[in-house]
Amino acid sequence: MAASQTNNQKIKLLELLKILFEQTDEERGLTMPQIIEALAERGIDAERKAIYRDLAALEACGFEVEHLRTSPVQYALVSRPFTEGELRLLVDSVQSSRFLTEGKSASLVRAIKSLASKRQREDLSHRLHVEGRIKMQNESVFYNLDAIQRALANHRKISFLYFRYNVNKERVLRREGRRYEASPVQLTYVNDCYYLITYSDKYEDFANYRLDRMLDIEVLDEKAARNSQIANFDLEEYSNRSFGMYTGESVSASFIVDELAMGAVIDRFGFDVAVSPVDAEHARVHAVVMESPTFFGWLAERGTHMTIEHPASLKRSYQDYLQGILRAYE
């Protein structure tokens, strides 16, 4: 009998904690009669004095239970893993992420809401509108993430297929369907897409692959490459010069920039980018970039507010890029 009573007491304490977690927060609590009623709905009879003892036990275990200044007094669990603002940020991020399918977004939002009180869940139900949001149509990225994380954790190489889309929106395997093989170095999230940065023994260089374009990833038994290039890999520096994760030849360049483009320069290269004054309206910016169509596209967005000063070879490549576009409209 004593063992049964002890077990019932443990169940009552856990159910009380669940009730407070699900139905109360710093703005809304439950009165003592409401707590007794909620426990009764779960098949548990409880008296006021016993509940007071349980509330004291929860506080002694580190759960912050407050007596809200209401009439009658309400009791609320105010210590939570996330604040309401943090939960809103998580929900908005999930809803706005284009690499998640609609189904996966809904599943993750439900999981996030389970960390909130009833009142907070109602507030979190308002969907965020993101202009032009396009959601991914398959969940392959999740399986790819799992395989790559295993390879990274176990320091193993991977092999995979990689595809592009043709004009009929059909998948076409690159390299005529031959598998890629590389050492995974690091995962990164850029422009709403996951990318895997890999190292190739054959080319002795890094390459990037979009996870949602990778198929049939296999974790190999062969150990991943290890060398000074990989050991000294700096993701922030690499991302700053790669522009949209396109790889290309690294070029140390200088640009003449006016104040209308300086914000974009700082956003792209960081506040520590090397800048020196030219005159009252212009500055010289030094940065390392990867010569690629995405870099030229970014530069074109700046119009005449940012121009290449050196090297001459980068200026010629940019001229060829722009002239190629003009020829397409002749």
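The rules behind these values
- Residues numbered from 1 in each chain as written.
- Predicted model: local features only at pLDDT ≥ 70, side-chain atom pairs only at ≥ 80, totals over all residues.
- Heavy atoms only, no water.
- Pairing = 2+ DSSP bridges.
- Helix = DSSP H or I, 4+ residues; strand = E, 2+ residues; numbered from the N terminus.
- Axes fitted to C-alpha atoms, helices over the stretch in contact; angles between N-to-C directions.
- Parallel < 35°, antiparallel > 145°, perpendicular 65-115°, else oblique.
- Contact = heavy atoms within 4.5 Å.
- Nonpolar A, V, L, I, M, F, W, Y, C, P; charged D, E, K, R; others polar.
- Buried < 20%, exposed > 50% of the residue type's maximum accessible area, 1.4 Å probe, protein only.

Colleague: Help me out: how do you make sense of the pairing of strand β11 (residues 274-277) in this one?
Modeller: Two faces make up the sheet, and in a regular strand the side chains alternate between them. Bridge analysis of β11 against strand β12 (residues 282-291) gives four bridges, and the strand direction is antiparallel. For Pro 277, the partnering residue across the bridge sits in β12 and is Ala 283. What sits between the antiparallel neighbours β11 and β12 is a turn of four residues.

Colleague: Whenever I open this one, the sheet that holds strand β1 (residues 30-31) confuses me. Can you help?
Modeller: In a beta sheet, neighbouring strands pair by backbone hydrogen bonds and run either parallel or antiparallel. Pairing is antiparallel across the open sheet formed by three strands, whose spatial order is β1-β3-β2. Every interior strand has two partners, whereas the edge strands, β1 and β2 (65-68), have only one. For β1 and strand β3 (residues 74-77), the ladder comprises two bridges, and the chain directions are antiparallel. Bridging across to β3, Leu 30 finds its partner in Tyr 75.

Colleague: Hey, could you run me through the packing of helix α2 (residues 32-41) against helix α3 (residues 48-60) in this one?
Modeller: The description of two packed helices rests on the angle between their axes and on the distance between the axes. At a minimum axis separation of 11 Å, α2 and α3 run at an interaxial angle of 95°. Compared by their axis directions, α2 and α3 come out roughly perpendicular. Along the contact surface, α2 presents Met 32, Pro 33, Ile 35, Ile 36 and Leu 39, while α3 presents Arg 48, Ile 51, Tyr 52 and Leu 55. Grouping the amino acids of the contact of α2 with α3 by side-chain chemistry returns eight nonpolar, no polar and one charged.

Colleague: Is there a simple way to think about unusual backbone geometry in this case?
Modeller: Glycine aside, residues mostly have negative phi, and peptide bonds are mostly found in the trans state. Note the cis peptide between Ser 71 and Pro 72, where omega equals 0°. Turning to its location among the elements, Pro 72 is positioned in the loop between β2 and β3. Here the residue pair His 310 and Pro 311 is connected by a cis peptide bond, since its omega of 0° sits within 30 degrees of zero. With respect to the element layout, Pro 311 can be found in the loop between β13 (306-310) and α12 (312-328). Phi angles above zero are rare outside glycine, and His 155 is one such case at about 55°. Relative to the helices and strands, His 155 is located in the loop between α7 (140-154) and β4 (156-165). Since its relative accessible area comes to 38%, His 155 is described here as partly exposed. The residue Asp 216 is not glycine, and still its phi comes out positive at about 50°. Among the structural elements, Asp 216 can be located in strand β9 (residues 214-223).

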